[in-house]
Every structure is written in structure tokens, then in C-alpha cells.
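Descriptive analysis of the structure
If you want the building blocks of each chain, they are given just below.
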Amino acid sequence: MSIFPIRTFPDPVLSMRASDVIDFDADLRRLVDDMLETMFAAPGVGLAAPQIGIAKRIFVADVGEGPFVMANPKIVSTSGKWKFEEGCLSVPGRYWQIKRPEYARAEGVGLDGEFIAFEGDDLMGRVLQHEIDHLDGTVLLAHLSPRVRRQVLKELREDSLGIEGTY
Ligand code: ZN
């Protein structure tokens, strides 16, 4: 198993739609082992394959009830509204109050290609939505208001240019 470097915004792999997992083989199992190790080391509660540079529709997560993996997942129902402080390993060190549906149910397939579903509210519903967003090329900045997003993009640009503290 190996820990991968986590890609950070604006790495282009984070903005593309990932492609379906087709081969449920030993390579996929190895990828999932590496993703879990990378997620736990970060530490994070979820990690999508594009975050380690692999544009495949698969993510791992653990909201405290044990690790799980979903391939080719989609959100099939949501309800309610919940504003919660949300961060992303690909936008490190930053958190925002983001409003999303409180409950979500996702359906997809497991490592043997078998049908699986996960659902929940609070953190579970949030993680399902956040990780599946990644597979569609959406980072959490897309959920900020236009005004806040403009400001954040400006700060991130300045950070990457190393303007602050460089003379
Ligand atoms: Zn994320």
C-alpha cells in the first residue's frame, strides 16, 4: 500500500468528469487500498479517486462507522437542508458554512461489481454528496456564493504565487 500526494485546486483533474469504473479487478482493489491509506493519513473522512489524480468514478469514505467504497455512484434522492462547516482535502486548511440537502441516498456498485447503496443524514449525507461532486469535477468552491467564491479564488491565486511573505 502507498500514500499518494493529494491533488489540490486548481489541478485540472479536479475539474473533469471522471469515467466509469469498468474493470473490477486486482488493480482496482489495490487502488482502493491506496486511497484508504491516503485518506486515513490525511486525515479525512472521504477521498475520491480524482483527488489522487485518477479520473475514475470511485471514492472511499469513513464517517466513523467503518470504511466503505463505492464505484460508479449516483445520488438518487435527497431531502431537507443543512448548513454545515465543510472542508476539502484538495483545498487544504479552509472551511466554509455550506448549505446542502441534509439527507442523501447514493446507489452504485462495490468492488465485485455488485449493487450497493448508502444513505444517511448529517455527516453521511454530506460525504456522499461531496465525494460524488468530485467525480463530476465539482469542488466545494462551486457551492459558495459568487461573491465569496471570487474572494477565495483571489486568495488561492495569491497563495500559489507566494505573494504573502515574499519580498
Ligand atoms: Zn473534497
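Okay, so let's go over this structure. (Residues numbered from 1 in each chain as written. Predicted model: local features only at pLDDT ≥ 70, side-chain atom pairs only at ≥ 80, totals over all residues. Heavy atoms only, no water.)

**Side note on the sheet that holds strand β3 (residues 68-79)**
Overall, antiparallel pairing links the five strands, which are arranged β1-β2-β3-β6-β7 in an open sheet. For this open sheet the edge positions go to β1 (46-48) and β7 (115-120), each flanked by a neighbour on one side alone. Taking the axes of each pair of neighbouring strands and ignoring which way they run, one obtains an average angle of 35° across the sheet. As defined by bridge partners, β1 adjoins strand β2 (residues 58-61) across three bridges and the pair is classed as antiparallel. Counted as the bridge partner of A48 is F59 from β2. The strands that helix α2 (residues 122-135) touches are β1, β2, β3, β6 (103-109) and β7; relative to β3, the one it contacts most, it runs at about 115°. (Pairing = 2+ DSSP bridges. Helix = DSSP H or I, 4+ residues; strand = E, 2+ residues; numbered from the N terminus. Axes fitted to C-alpha atoms, helices over the stretch in contact; angles between N-to-C directions. Contact = heavy atoms within 4.5 Å.)

**Overview of the side chain of R57**
Its location among the elements puts R57 in the loop between β1 and β2. On the basis of relative accessibility, which here comes to 5%, the residue R57 falls in the buried class. A distance of 3.3 Å separates a polar side-chain atom of R57 from the backbone oxygen of A18. Leave out the neighbours within four places in its chain, and R57 touches R17, A18, S19, D20, V21, M70, A71, N72, P73, L135 and D136. (Buried < 20%, exposed > 50% of the residue type's maximum accessible area, 1.4 Å probe, protein only. Polar contact = N/O pair within 3.5 Å; in protein donor to acceptor, adjacent residues only side chain to side chain.)

**Quick look at α2**
An ideal rise of 1.5 Å per residue puts 20 Å on 14 residues; α2 measures up with 21 Å between its terminal C-alpha atoms. α2 sits mainly inside the fold: 12 of its 14 residues count as buried. Turning to α2, its buried residues are M124, G125, R126, V127, L128, Q129, H130, E131, I132, D133, H134 and L135. (Expected span 1.5 Å × (residues − 1).)

**Some words on the pairing of β7**
As defined by bridge partners, β6 adjoins β7 across six bridges and the pair is classed as antiparallel. Paired with G108 across the bridge in β7 is I116. Hairpin connection of β6 to β7: five residues between the antiparallel strands, including G113 at a positive phi of 80°.

**Concerning the coordination of the zinc ion**
At 2.0 to 2.3 Å from the zinc ion lie its protein donor atoms, namely C88 (SG), H130 (NE2) and H134 (NE2). Each donor residue of the zinc ion belongs to the same chain, and together they define the spacing C-x41-H-x3-H. You can see H130 and its partner H134 sitting in helix α2, four residues apart, about one turn around the helix. You'll find H130 and H134 in the same group, each marked buried. (Donors = N, O, S within 2.8 Å, 3.2 Å for Na, K, Ca; no water.)

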